[in-house]
Structure formats: structure tokens, C-alpha cells
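Overview (structure and organization)
Listed below, chain by chain, are the residues.
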Amino acid sequence: MPDLFRSTGFRWALGIAAWTTVMALTMFAFVYWQTADFMREELAETLRLEVRAAAAQPAAALERVETWIAMDRHATHYAGLFGPDGTRRAGNLVALPAALPRDGDAARVDAVLDLSQGRVDDAIWAAALALPDGGTVVIAHDTDEIDRVRTTTLRALGLGLVPTLVLSGLGGLVLAGRARRRLATTEIAVAEVMRGDLGRRLPVGRANDEFDRLAGTVNRMLDEIEHLVHEVQSVGDAVAHDLRTPLTRLRARLERSREQATSVAELHAAIDQGLAWIDQTLAMVTAVLRIGEIEHGRRRAGFAPVDLGEVVREAAEFFEPVAEDKDVALSLAVAPGLPPVEGDRDLLFEAVSNLIDNAVKFTPAGGTVRVEYAAREAGRAVVVSDSGPGIPEAERAQVFRRFYRAEPARHTPGHGLGLGLVAAIARMHGFSVAADAAPGGGARFTLSCPAPPGRSRRGA
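As the structure is a computational prediction, the values presented were derived from the model and not from experiment.

**Section: the pattern of salt bridges**
For the coordinates displayed, the defined rule picks out eleven salt bridges. The residue arginine 200 makes a salt bridge to glutamate 192 at a minimum N-O spacing of 2.5 Å. Through salt bridges with shared partners, a single network forms among Glu41, Glu45, Arg48 and Asp105.

**Digging into the sheet that holds strand 11 (residues 432–437)**
With respect to topology, five strands assemble into an open sheet ordered 7-9-10-12-11, the strand pairing being mixed. In this open sheet, the two strands that pair with only one neighbour each are strand 7 (329–334) and strand 11. Ignoring which end each strand starts from, the neighbouring axes of this sheet average 15° apart. Bridge count between strand 11 and strand 12 (residues 443–450): six bridges; the pairing is antiparallel. Opposite alanine 434, over in strand 12, you have threonine 446 as the bridge partner. Along the sheet, helix 7 (residues 308–325) contacts strand 7, strand 9 (368–376), strand 10 (379–386) and strand 12; its crossing angle with strand 7, the most-contacted strand, is approximately 170°. Where helix 9 (residues 418–429) meets the sheet, it contacts strand 11 and strand 12, and its direction lies at approximately 135° from that of strand 11.

**Notes on a nonpolar patch on the surface**
Taken together, the side chains of Met27, Phe30, Val31 and Trp33 present a nonpolar region at the surface, about 430 Å² in accessible area. Within the fold, valine 31 resides in helix 2 (residues 8–56).

**Looking at the packing of aromatic side chains**
Considering all chains together, one arrives at two aromatic pairs under this definition. Between phenylalanine 318 and phenylalanine 319, the aromatic rings sit 5.2 Å apart at their centres with planes inclined by 80°, giving edge-to-face as the arrangement. Exposure remark for phenylalanine 319: the relative accessible area of 8% places this residue in the buried category. Ring centres of phenylalanine 318 and phenylalanine 349 lie 6.5 Å apart, and the angle between their planes is 75°; on these two criteria the pair is classed as edge-to-face. Here phenylalanine 318 is found in helix 7, whereas its partner phenylalanine 349 is found in helix 8 (residues 345–362), with 31 residues between them in sequence. One aromatic cluster in this structure is built from Phe318, Phe319 and Phe349.

Calculation notes
- Each residue is numbered by its place in its chain's sequence as written, counting from 1.
- Local features in a predicted model are, by the rule used here, given only for residues with pLDDT of at least 70; side-chain atom pairs are given and counted only at 80 or more, and totals for whole chains, interfaces and linings are based on all residues.
- Where side-chain values are given, they derive from all heavy atoms of the structure, hydrogens and water being excluded.
- Any Lys or Arg side-chain nitrogen found within 4 Å of a carboxyl oxygen on Asp or Glu counts as a salt bridge.
- By definition, two strands form a pair when at least two bridges between them are found by DSSP.
- Each helix is a run of DSSP H or I of at least 4 residues and each strand a run of E of at least 2, with the numbering of both proceeding from the N terminus.
- Angles shown run from 0 to 180 degrees and are taken between the N-to-C directions of axes, each axis being a line fitted to C-alpha atoms and, for helices, limited to the stretch in contact.
- We call two residues in contact whenever any of their non-hydrogen atoms come within 4.5 Å of each other.
- Distance thresholds for patches are 9 Å for like charges and 5 Å for nonpolar side chains (Val, Leu, Ile, Met, Phe, Trp, Tyr), applied to residues having over 30% relative accessible area and no salt bridge.
- For the area figures, the Shrake-Rupley method with a 1.4 Å probe applies, and any residue is considered shielded solely by the protein chains shown.
- Paired rings are identified among Phe, Tyr and Trp, the last through its six-membered ring, by centres lying within 6.5 Å, and are further divided according to the angle between planes into stacked (under 30 degrees), edge-to-face (over 60) and tilted (the rest).
- Each residue is assigned to one of three classes by its accessible area relative to the maximum for its type, calculated with a 1.4 Å probe on protein chains only: buried under 20%, partly exposed between the two thresholds, exposed over 50%.

Printed below as a string of C-alpha cells:
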């Protein structure tokens, strides 16, 4: 039994039944109020017309009273003609109701009635008007019809409430059962995902209701989880592959040096080479850890306004000697007066430096690298373009993955982590980075910085 009360279907059915009951009670109350009010107003208007007709002709007032009473076939009409001292002259009202005003308006009062079965105290609706001689004429009607309306309404409410509760409960169970079936299919899909089937998705109907929108949101979350899991797996494979090469070389060199070294100088050379390979391995591990730290947003709390133009100038100046040694022309164009961006200055410097380093590295001698920072329609952008071999269109979306290296880059030093670090820094700052072809050939990387909300492109 406790499981029944915890059931969503039971709670839905109970809630729908309760809500339907409240609606039925409200509807019946409104119908009764409108009907009773209409009948009271109709009766009051009739009494006002009759009492005015009787008072309009004082000589015929007695005849009007007797006619009003004679019209009654069900003992519901009452009237009375009273003298200036309140004595009854005619009618079936024993006395003039004390609380009844003599203004011709109808009101509910208690009165003593002179009926065939004797005198009876009862509540009536009555209207009274004063006559020129100081007397009073009263026209009245009992409240039985209004009371019957109330009784009939309450009886109808009682008779209709039971089937209303039954039907609303059944309707609630049907609706809850439909929702439960949808939840059951969702539970099955989630269970399969938990068992390791990351390609399983929740069913989405065509109604585009709340369940469908929720299922769509969960499916997008599962897409991201599947992507991240596959990325972690590929990163693990890449790390193992890239670590194996320097470690294998290190082990072979140490074994060879142990067996073949004939002097301290040869041992020192072997140790230096081993240290270089160890440093290479540690640099790769550090880069992986740094990307993970940035993607977790641990440095977001230290964001502050940063002059990105100054950062771009410093990064370009830092790589000028490298470009000169390689006979690569490095040019710089920074638009003045651009507003600062919110971010981490060191990370932004690292991102721009990696883009410039990547461009210089893959540009042959005699080539050019151009670095620009300018306003765009949607904000600002850092653009680094080169005259190198470029990136095939099919690989441009892949170069920002960790350890990914395009075919022209496989014979150059590196681990494929530089652009992955740029992408992580861009995501952390809410920026975007993309690769495409430079106008004159080669590759072009664009780091886009959206304008702050409420600011135009020209800034403020």
C-alpha cells in the first residue's frame, strides 16, 4: 500500500480528481448564485410593480390586494392593506412587518401570515408603499421557489459529484499511465547507457512537448558525454603512443651506453641525451595537465580587463628573433583604441604565442607571417596567417584536438598539443577559434572575441 501512495500515477489521478472536484463545486456554486440571484431580482421587480400599481389608485387599493391574493393558486401570494395606525383592513398579512421600509423596494422580512391552517410565522419577500391617507399597502411573496432552487442545485451537486470523481480519477489514471509508459522507455534507455552503450539515446516524439524537449536536452548531453569519452580514449592512446617512443629510445640508449661507453664523456653524453628525452616527455605531460586545468575553468576567478592589443604586440615581438633566424617576414597590425577584454592575461598571451609559433614553424624560409588584431562586426579578432603549406579543408576542424597532427606536420617537432591548448583557452574565455585558408595560400587562424553585452562594435 505505501508503494501505491508513492506511485506517480496514483498521485496524478488523485490530484486530477481533487482538481476536478474543486472545479465542479465552483461551477455549481456559480450556477446557483446566478440562478438564485436572477429569481430574486425577477420576484423583487414583480413586487415593486404590483405595490406601485396598488398605491397609484388608493380607492382601488383594497380591490388590488384582494385580486393579488385571489391570483394565488399555491398559497404563495400575500398582501395587506393597513390603516394609519397599523390596523389591518384587508389581506392575509396579520400585521405590517416592522422592518419593512415603505419605499416601494422589495426586501426579505419575517411576517405573520393568516392562512387557512391558522397563523404562521414565515420569511417572505415584500414591498410596501405609503398611501395618501397615511395607510400602507403591502404586496408579498414567499421564498419557497428560491429555496427549491437551492435544494435542487445541492441535490444535483450531490448526484453529479460521485460520477465526476470516478471519471476524473479514471482520466487521471489514463494520463498517468501514458506518462508512465514514456518514463519506462526513458528508464530503459538510461539503463542501457549506464551499461556502457553510449550510442543509445532517449526516444523523442513528434509532439514537441515538455517530455520531448527534456529528452532532446538529455540526448544532446549524451552526445557531449560520448564525444568526451571518445576524446579521453583517443588522448590516452595518443599519450601512450607518444610516451613509448622517447622512453624506448631512452632505454635503448642507456643499455647501449652501459655496454659500450668507454669514458666518462660518453656517459655524460648519454645522460644528456636521456635528460633531453625525459624533458620532452615531461613537457608533453605538463601540456596535457595544463589543458585539463584550463578546461575545468580553475583560473576563471582571476579574470580582469586585459588589453589584448598589447598582448598581441608582446607575443609578436617575442617571436621576431625566431622568425629572423628562419628567414620568415613577421608583420604586425594592431588597431588602436579597442576596448579591453575580460580574461587571464597570461593565458591569452600563451594562446596568441602558440598561434604565432605554429605559423612560424610551418612557414618555409622566405615566407611571410602576418599578425592582426582588429574590430569585427561581432566584436574583435586576432588573425594569424602564413604562407606555408596550409591545412586541408577536411582536417581544419580536427587540428584543435589533442595530439592531432596534420600530414604536413608529422615531420616537424611537437606533440600536437599547441592548438588544443589554444582551443581550451578560447573556450574558457567564451571566445572561438577557427582555421581556414589564407587569401594568398597557407593557413589562417582566427581567434574571435565577442563584444561584451550592451556594447556596440566600436566599444565604449
